[in-house]
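# Topology and contacts: notes
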Amino acid sequence: MSKTNRRDLLRLGGAAYLGTLFSGPFALKALAQAPAASPQMQHDYSGWEQLYRDKWSWDTKTRGAHLINCTGACPHWVYTKNGIVVREEASKDMPSLAGVPEYNPRGCNKGACGTDYLYGPHRVKYPLIRTGARGEGKWRRASWDEALGIIADKMLDTIRDHAVDCISVYTPVPAVAPVSFSAGHRFAHLIGAHTHTFFDWYGDHPTGQTQTCGVQGDTAETADWFNAKLILLWGSSPAVTRIPDAHFINEAALNGSRVVSIAPDYNATTIKADTWIHPKPGTDTALALGMAHVLLRDKLVDVANVKEQTDLPYLVRTDTKKFLREADVVQGGSAAKFYVWDTKTKKPVLAKGCWGEEPPGGRPAVQPAYLGRNTLTFPDGTLALGDLDPALEGSFKVTLKDGKSVDVKPVYALYAERILRDYTPKKVSEITGVAEKAIVDLAKAYGTTKPAMIISGGGTNHWYWSDIEIRAFHLLSSLTGNEGRNGGGVNHYIGQWKPVAVPGVLALSFPQGAARHRFTQTTIWTYVHADAYDAMETVGIDTRKYLRASLDQRMMPLYPREGRDPKVFIVYRGNFLNQAKGQKYVLQNLWPKLDLIVNLNLRMDSTALYSDIVLPAAHWYEKLDLQMTEEHTFVHMTEPAIPPMFESKHDWDVFALLAKKMQDRAIERGMSRVFDEQFNVSRDFSTLYAQQTDNGKLESVAQAAQFILDNAPATKGITLDMIRERPQRFKANWTSPIREGVPYTPFQFYTESKKPWPTLTGRQQFYIDHDWFIEMGVELPVYKAPVDADNFPLRFNTPHSRHAIHSTFKDNVLMLRLQRGGPLLEMPPGEAKARGLRDNDWAEVWNEHGRMICRVKIHNREPEGRVTMCHTPELYMDLIEGSTQSVCPIRINPTSLVGNYGHLLFRPNYYGPGGTQRDARVQVRRYTGVIPS
């Protein structure tokens, strides 16, 4: 019997490979062994049995993971026979937590197709150099030496002719593959290039949570869903976007929990809910404030929690709308200390734990990147009120340092008055379309059920005013005392954003310290360099005015500086072009500015197609890396099931080779040392390879991975061998302790240990008295209608797909067979009929920002006045023109440009403007042009 080995597989492809596979160790017996002349004779069809048996035999079993922007982080086994990966499956060995259902098995339909990218036609096998126009798909094969030489020379040219900050490196989500992520960041750090944010750019960052809580974001691991007695799925459909974790919702329901789905459309998770609340798109803040009205009216408020844990007792001057600060009252007082009114002494008293107060021993040396500030060295009980009884109601007079008096009111009094006046169930019903009784019933259920949890997703996070929505959700949670409780709180799940072992990632990425690194805010970078148009002047918002002020005052960073354009763009582990809002402007205005676009990729995606040089990256099953997530509290790994095929390489190795090539070229060209004026440092390119590998200490991927584990409190003491044995639970986490056998839920350092919140006020902060917030009328969370800057009749909705992770797997044949085989625009029957469109017709979708041409699917679940298309199909898929991002502009909310207000400051992926695509509006008509055959 012939044997198929790895060498045969590399030589063969597609159908030829399948033919060899089925004639080798997986051979079928002859289906008809009898002579053709004897049709009545019995035939032996048992060959399929052996085929099935052989699939379940293997030579080696290795750890596997899918290193893409997916929050699942599902541990897998990868099975190899004769040097060929034959299948993957969930490892089913994640440790259990007490009292909740287990995580095992953990996987989804996409992960089960992981081998398709290993052996499929999408694979980039060799270095490629463009020979036609960008996007034309004309290439020639090159050697690694040639490709790296071109890249190194172009970077040195750019440094000589422009500046080092004109070199840009983009790679997202360190949590899914921190070694790969660190490779490019370390290289950029050492040469002085700039790197990018991504959490905000993707629209995944919960800006309102940062504004309220002073954290980049934090959330409960999904096993904690089971502990909730009431679950509000608010703009979230776990059955579609959290497939490995959706079972916790069903198990909670079976355990007696009530599940409420809040979404405009009847989605795949709604069908499992007890109640469906369907507000008009973009009106969720009004619904939340209508619920708050009922909580206040019916006295369903946890007053003790509000007084201790929030800024609602803080005093606000009625003359300026600003907090009453110590600097107002005391000569030389702090502008970052604030007052409450003590009902016992009838005097203003400084609140403990404000930004202007330092812990005993002074400011801690360590500042976690994900916190507004480090308050964890404050003593336990700092927030405890003791004999202090802060007023929530009333108006008081305070004498200022100049002898004048001013009227002040608690934030609670100001806000309650507004909520009770403006957000009655009747008024909210008119805004949202939700019945008054449904609003009241939902609010009463939320106010009387403990613990109650809000699970939010992209349905609420991708709006221009999404920050207010999240602030309103936190208001509900704080009013009812649900924050920091297992089974409670506001839990945000979009994107793979939480590298729990972040200190180790930072140490590997930025050996000279993050303060000596150039970070650019990607939304701003794209908006400026693509000269994107947002049409916001039509609704009275001058984006560029606020942006100029933010950049001039260095609140937010933009590179290159001094009005220079980026010249070299290196992209890896992310499909930048395909994900780019304002895609038309990116291709028309940004792309021509770039002298060289390099893409390191395992497949030919849209970014690769529009690049100049494409380098072959190792597949997930050909490399070693770690993986972690916010959805569970375990670190696991992938490791090589087979060596990298063709000429592909691990990202860590690629950047080490690029460092060596740039070092050699720099020496040849007399550029061994380059002075970096911004950091006042002379960069030594003659030792670049030694710096990249730390003189050989970080030469291997395994060394780099262990370095991350060793340099983070959450993973210190965990080894790669331990993770190979089984996934390991973190030893620490961001805002709560890790407790043996108990699901992680955030913010217990503040709610239980009563340390100050990492905000300006030291509490959950609902009143933001920054001038821009006051100017825009959002110093408190209030309802703002969706932005209608596009004068077109249909709201354009771009959710995530159950058949893909962003653009990954969008081109997978098995996933396409579960749909209609390509991108679709879902339309409600009435809107389709009005335009003479039938199911599967080609339609043109357009607005002033761009257009796309795709097929139509008529769907009853889609509300009138809206069309939906799952976001970011590849540009080369079943589309005559454009994509979802063609009609989605880049819109920057000025509130996210603030960077000089306590906890509202720029740190990469901590705070900054993001994606707001759901406000886009379009028109649709039948396409009458030529349809490609």
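Residues numbered from 1 in each chain as written. Predicted model: local features only at pLDDT ≥ 70, side-chain atom pairs only at ≥ 80, totals over all residues. Heavy atoms only, no water.

An unreviewed UniProt entry annotates the protein as Perchlorate reductase subunit alpha originating from Rhodoplanes serenus. Of the protein, the UniProt comment under Subcellular location (unreviewed entry) reads exactly: "Cell envelope". Of the comments in the UniProt record for the protein, the one headed Sequence similarities (unreviewed entry) reads "Belongs to the prokaryotic molybdopterin-containing oxidoreductase family." (UniProt positions renumbered as here; feature names shortened; annotations may be inferred.)

When we look at burial in helix H26 (residues 701-710), the residues that qualify are Val701, Ala704, Ala705, Gln706, Ile708 and Leu709. Where the residues of H26 are buried, they touch helix H6 (178-191), helix H18 (502-509), strand S22 (625-627), helix H24 (651-668) and helix H27 (720-725). (Buried < 20%, exposed > 50% of the residue type's maximum accessible area, 1.4 Å probe, protein only. Helix = DSSP H or I, 4+ residues; strand = E, 2+ residues; numbered from the N terminus. Contact = heavy atoms within 4.5 Å.)

Here we take up the UniProt feature "domain: 4Fe-4S Mo/W bis-MGD-type" (unreviewed entry) in the protein. Within this structure's numbering, the places UniProt gives as "domain: 4Fe-4S Mo/W bis-MGD-type" (unreviewed entry) are residues 59-122. Split by type, residues 59-122 is 9% helix and 28% strand. Its first and last C-alpha atoms lie 27 Å apart.

A word on the packing of helix H14 (residues 425-432) against helix H15 (residues 436-448). Where H14 contacts H15, the axes come no closer than 8 Å and their chain directions differ by 115 degrees. Regarding the angle of H14 to H15, the classification is roughly perpendicular. Here the hand of the crossing between H14 and H15 comes out right-handed. Contacts between H14 and H15 involve Pro425, Lys426, Val428 and Ser429 on the former and, on the latter, Glu436, Ile439 and Val440. The class makeup of the residues in the contact of H14 with H15 is four nonpolar, one polar and two charged. (Axes fitted to C-alpha atoms, helices over the stretch in contact; angles between N-to-C directions. Parallel < 35°, antiparallel > 145°, perpendicular 65-115°, else oblique. Left-handed = near helix turned anticlockwise from the far one by under 90°. Nonpolar A, V, L, I, M, F, W, Y, C, P; charged D, E, K, R; others polar.)

Turning our eyes to something else, we now look at the domain arrangement of the protein. Domain boundaries assigned for the protein yield domain 1 (129-201 + 498-617 + 643-720) and domain 2 (794-926). Just the C-alpha atoms count here: the centres of domain 1 and domain 2 sit 27 Å apart. In this assembly, 41 residues from domain 1 lie in contact with 37 residues from domain 2. Carbon and sulfur atoms make up 61% of the area that domain 1 and domain 2 hide from each other, which totals about 3,200 Å². The interface formed by domain 1 and domain 2 contains two salt bridges. Aspartate 811 is the partner of arginine 603 in a salt bridge, and the nearest nitrogen-oxygen pair spans 2.9 Å. Elements supplying a minimum of two residues to the side of domain 1 that touches domain 2: helix H19 (522-529), helix H20 (543-552), helix H21 (576-579), helix H22 (583-590) and helix H23 (606-609). By residue class, the composition of the side of domain 1 that touches domain 2 is 22 nonpolar, 13 polar and six charged. (Domains from an automatic or database assignment. Buried area = accessible area lost by both parts, 1.4 Å probe. Salt bridge = Lys/Arg side-chain N within 4 Å of Asp/Glu carboxyl O.)

Moving on to the environment of threonine 543. Mapping threonine 543 onto the fold places it in helix H20. Overall, the relative accessible area of 3% leaves threonine 543 in the buried class. With 276 residues separating them along the chain, threonine 543 and asparagine 267 place their C-alpha atoms 35 Å apart. In this structure threonine 543 touches Tyr527, Asp534, Met536 and Ile892, once residues within four positions along its chain are discounted. Within the structure, threonine 543 has its side chain in polar contact with the side chain of aspartate 534 (distance 2.8 Å). (Polar contact = N/O pair within 3.5 Å; in protein donor to acceptor, adjacent residues only side chain to side chain.)

Judged by pairing direction, the sheet is antiparallel, and its three strands sit side by side in the order S22-S23-S26 without closing on themselves. Each edge of the open sheet is held by one strand with a lone partner, namely S22 and strand S26 (728-729). (Pairing = 2+ DSSP bridges.)

Within strand S8 (residues 230-234), five of the five residues are buried, which leaves it mostly tucked inside the rest of the structure. The alternating pattern of S8 places Leu230, Leu232 and Trp234 on one face and Ile231 and Leu233 on the opposite face, and all of these are buried. Taken together, the five bridges between S8 and strand S16 (residues 452-456) define a ladder with parallel strand orientation. Across the sheet, the residue bridging to leucine 233 is isoleucine 455, located in S16. As paired elements, S8 and strand S9 (residues 258-262) share five bridges and run parallel to each other. Bridge assignment links leucine 232 to a residue of S9, and that residue is valine 260.

Met155, Leu232, Trp234, Trp591, Leu615 and Met662 are the most contacted members of the largest nonpolar core, which has 209 residues in total. No other element matches helix H10 (residues 284-297), which puts nine residues into this core. Shared between two domains, this core holds at least three residues of each, these being domain 1 (129-201 + 498-617 + 643-720) and domain 2 (794-926). Here methionine 662 is in contact with Ala152, Met155, Leu156, Ile159, Phe187, Ile191, Phe685 and Leu688, once residues within four sequence places are set aside. Val100, Ala220, Ile249 and Tyr493 belong to the second largest nonpolar core, which has 20 residues in total. (Core = buried A, V, L, I, M, F, W, Y, C linked by side-chain atoms within 4.5 Å.)

Our next topic: the sheet that holds strand S1 (residues 60-64). Taking strand neighbours across the sheet as the criterion, the three strands line up as S1-S2-S3 in an open arrangement whose pairing is antiparallel. Of all strands in the sheet, those bounded by a partner on one side alone are S1 and strand S3 (84-90). Recorded for the sheet is a direction-independent mean angle of 30 degrees between the axes of neighbouring strands.

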